[in-house]
Amino acid sequence: MQEPNWQAVSPKYTHLLRIDKTLFVLMLVIPLTVAVVFVERIPLWVGYIGWGSLLLIWLGMVFLWAPRRYRVTAYAVLPEEVHFRVGALWLRHTAVTHNRIQHLEIEQSPFERLLGLSRLIIFTAGGSGADLILPGLPVDRATSLRDDLLKIIREEPQLDEPITVAGKTESAESQRDTGTSL
Amino acid sequence: MSGRLTWERLPLLALIFFFFSSVRLAGKHLYQAVPVLAGLFIAVDRVRDFIPHILVGFLVLLLITTVLRYRRFFFVTEEGRIRVRQGVFRKVELNLDYDRIQQADVEQPAYFRPFGLAVLKLQSAGSKAQEVEVAGIRSARAQQVQRDILAEQQAAATAHVDVERSADTALSSVTPEQADFGFTLRNAEVLRIGLMQNVFVVVGVLATLLFSNPYVGQRVRDRIETVFEQFPSTAEAVLVVGSVTLFALVIFVLGTVLFYFNQYYGYRLVRQGDRVRYQAGFTSTLSRSFRVQKLQQVDIRQSWMGRLLQRFQIRISQAGGHAQKQDGKFTIPCAHQALLEDIRSDLRLTSPQWQSVHWSYFPQHVALLTLVAGLFFGVWVALGVFVFLLVVRLRWWRRFAYHFDGLWLALRHGFIGQREMWMPAAKMQAVTRTQGPLQRVLGVANLHISSAAGVLHIASVPLEEAKALQAQLLDVTRSDYRRWM
């Protein structure tokens, strides 16, 4: 398979990942701190170990994982399909063709709004696993991408002929049988 | 606008339907409350005296809801759509356009049949599948709506072609011999359906259910112990309990057979052009239809019992199959080899050339599960688990295969039984390639191909092959502007 022309997402996506992971670590720090401070039976050294390891996790996430994650997140919009690739150790590469797109959505969380980023979500009929989410796009890029895709979808030809047809193929039509009975 | 519509009420007989439906709903909710109720029953002694009162109160509540639900249900059919207004506390008005309806079933429960009434079940194609049940409308009218829906969809599909009226009316009166394709299942075949179900799975589920609740589990255990104590020796007790269990199992199997016999009695399938319809049932009949152009996935299964009986089961899914319940699918419950071949050729499935996957798929999970067994039960158990898993995985890997020919993508797997999933390649919604660190070293990747009715997971394919397959799938899909649903 010829590699598509991959495009990087906005560099600000790294900051978004940092904010997300910081919040994630905080959500673990708060209950730990509450437990250590208010439950007397938990000795203080448990707290130190917990805080220490969470600090390490946080440092790793913010300074190693986030920049690397940004580097391995890429998308490509081809004339007839959209590709998205993410992951270094665990690689995931999803592709959707334009003629299977159901609808498009742009989403923005408060932090994304702060950074001027947004997510373009490409919905297909294949359920949640088959929806393509392009994260970390600058807002105007997301909108122009959406408008381009919408234009393409609108101008798609619609053929009446279905993909799946039952019955004998045309060549065998002449020797059509009259139904089987058990 | 809506004020001028004449909303119709259902006949009084529909009360029976609403009653059963209320009972079913209550049962569904109460089932989740079983642990709480059991706890209450044990903890608060005084509750026990009031059980009759509670039961009567519950029945009254059920009756009131039944009547209210009946009183608040209205519907109206218009050109090309149906509207339903329902709900006791939260009133909902649903507009279903015929061309958006995914599936239209006409069901005739035993209590409606003498009066010529039926239940019309409609399922919309929206992302959150909505279901409407119109109970107690005249069966001729229900069938008319079903026909209108198919005709509407046909008209939407072939806007300029004038619909062949003769072919369009009354698919129900076409016999399998007159149709383009069709067959009838003989009683001997229908009797096999129940046998094909995996009885031990059901028994297993029942057993876990019994023992999952500590209170009930303890009661059952006590009961068993008392029974055992009544016998002079353990051997006799085992013999008696064993034969009773066997007897119960036989009864259970017979019950299953009867259940499915009732459900699929007189199964008759006809296909006329694009439309397929089946009709079956003894006490209540069900007729279900779908259009071939909406087909998203064909599932051909054979359980281990099916293998002994040399019978297959076929399920055809349409879009929205993720949310669709198993009993909502278009099912051919029992087919022997020759019939299966007929159906395959009628659906134009190609003859598969199965491709095996990389050997690294074979030892998956073995190391982890062996480790867990070793940690908890010691070395010898771990060794046993290791050997057993290797054998199981070896067989699983040898039978795991896929097929792609530009038209169909198929996946086959199974241990004793077998399952084949066929998907029209050009109806693919998305294709994902994943690769873990270990797979990177081995140079393999997984492919996940989503259709509108489910996902085919092809594990551990050599990387170049995976890339090529992904590219080919995109190739056949991207320029195919024909109707996919």
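Please read these numbers as outputs of a predicted model, since none were measured by experiment.

Some points on the pattern of salt bridges
Working step 1: Here the structure, examined in full by the defined rule, presents 22 salt bridges over all chains.
Working step 2: In this structure, A:Glu80 and B:Arg478 form a salt bridge, with 3.4 Å as the shortest nitrogen-oxygen distance. Of this pair, A:Glu80 sits in the loop between β2 (74–77) and β3 (81–86) while B:Arg478 sits in helix α14 (residues 463–478), placing the two residues on different chains.
Working step 3: A residue is classified by how much of its surface remains accessible, and B:Arg478, at 21% relative accessible area, is partly exposed.
Working step 4: Where B:Asp299 meets B:Arg301, a salt bridge forms, and the shortest distance between an N and an O atom there is 3.5 Å.
Working step 5: Bridged by salt links that share partners, the residues A:Glu80, A:Glu81, B:Asp475 and B:Arg478 form one connected network.

Regarding empty space enclosed by the protein
Working step 1: Per the counting criterion, the structure on display carries three cavities of 30 Å³ or more.
Working step 2: Approximately 90 Å³ is the volume found for the largest cavity.
Working step 3: Contributing to the lining of the largest cavity are A:Ala166, B:Phe181, B:Leu269, B:Arg271, B:Val276, B:Phe290, B:Ile316, B:Phe330, B:Ile332, B:Ile343, B:Asp346 and B:Leu347.
Working step 4: Of the residues in the lining of the largest cavity, the class split is ten nonpolar, no polar and two charged.

Details of the interface of chain B and chain A
Working step 1: Listed by partner, the interface residues are 56 residues for chain B and 45 residues for chain A.
Working step 2: With both sides pooled, the region where chain B packs onto chain A buries about 4500 Å², and carbon together with sulfur makes up 51% of that total.
Working step 3: For B:Arg482, the salt bridge identified is with A:Glu161, shortest N-O distance 3.9 Å.
Working step 4: Inspection of the chain B/chain A interface yields 21 residue pairs in polar contact (both at pLDDT 80 or more).
Working step 5: For the side of chain B that touches chain A, the elements supplying multiple residues, two or more each, are β8 (181–184), α10 (337–346), β19 (430–435), α13 (437–442), β20 (444–451) and α14 of chain B.
Working step 6: Among the residues forming the side of chain B that touches chain A, the class breakdown is 22 nonpolar, 18 polar and 16 charged.

What counts and how
Note on numbering: residues in each chain are counted from 1, in written sequence order. The lettering of chains begins at A and the numbering of ligands begins at 1, in the order of writing. At least 70 in pLDDT is required for a residue's local features to be given in this predicted model, at least 80 for side-chain atom pairs to be given and counted, and no such filter applies to totals for whole chains, interfaces and linings, which use all residues. The side-chain quantities take in all heavy atoms of the structure and omit both hydrogens and water. By definition, a salt bridge exists where a carboxyl oxygen of Asp or Glu is found within 4 Å of a side-chain nitrogen of Lys or Arg. Runs of E in the DSSP output that reach at least two residues are strands. Runs of H or I that reach at least four are helices, and both are numbered from the N terminus. Relative accessibility thresholds used throughout: buried, under 20% of the residue-type maximum; exposed, over 50%; partly exposed, between the two (1.4 Å probe, protein chains only). The way it works is a 1 Å grid over only the protein atoms, where trapped points that fit a 1.4 Å probe form a cavity and open points with protein on both sides within 12 Å along at least five of seven lines form a pocket, and then any residue with an atom within 4 Å of a point lines it. Grid points are joined across faces, edges and corners, and a volume is the space filled by probe spheres set on the points. Only Asp, Glu, Lys and Arg are considered charged in this grouping, and only Ala, Val, Leu, Ile, Met, Phe, Trp, Tyr, Cys and Pro are considered nonpolar; every other residue, Gly among them, is considered polar. By the convention used here, residues are in contact when the closest approach between their heavy atoms is within 4.5 Å. Accessible surface is computed with a 1.4 Å probe, and the buried area is the amount of it that two parts give up when combined, taken over both parts together. Whenever two N or O atoms come within 3.5 Å, that pair is a polar contact, provided that in protein one can donate a hydrogen and the other can accept it, and provided that, for residues adjacent in sequence, both atoms are side-chain atoms.

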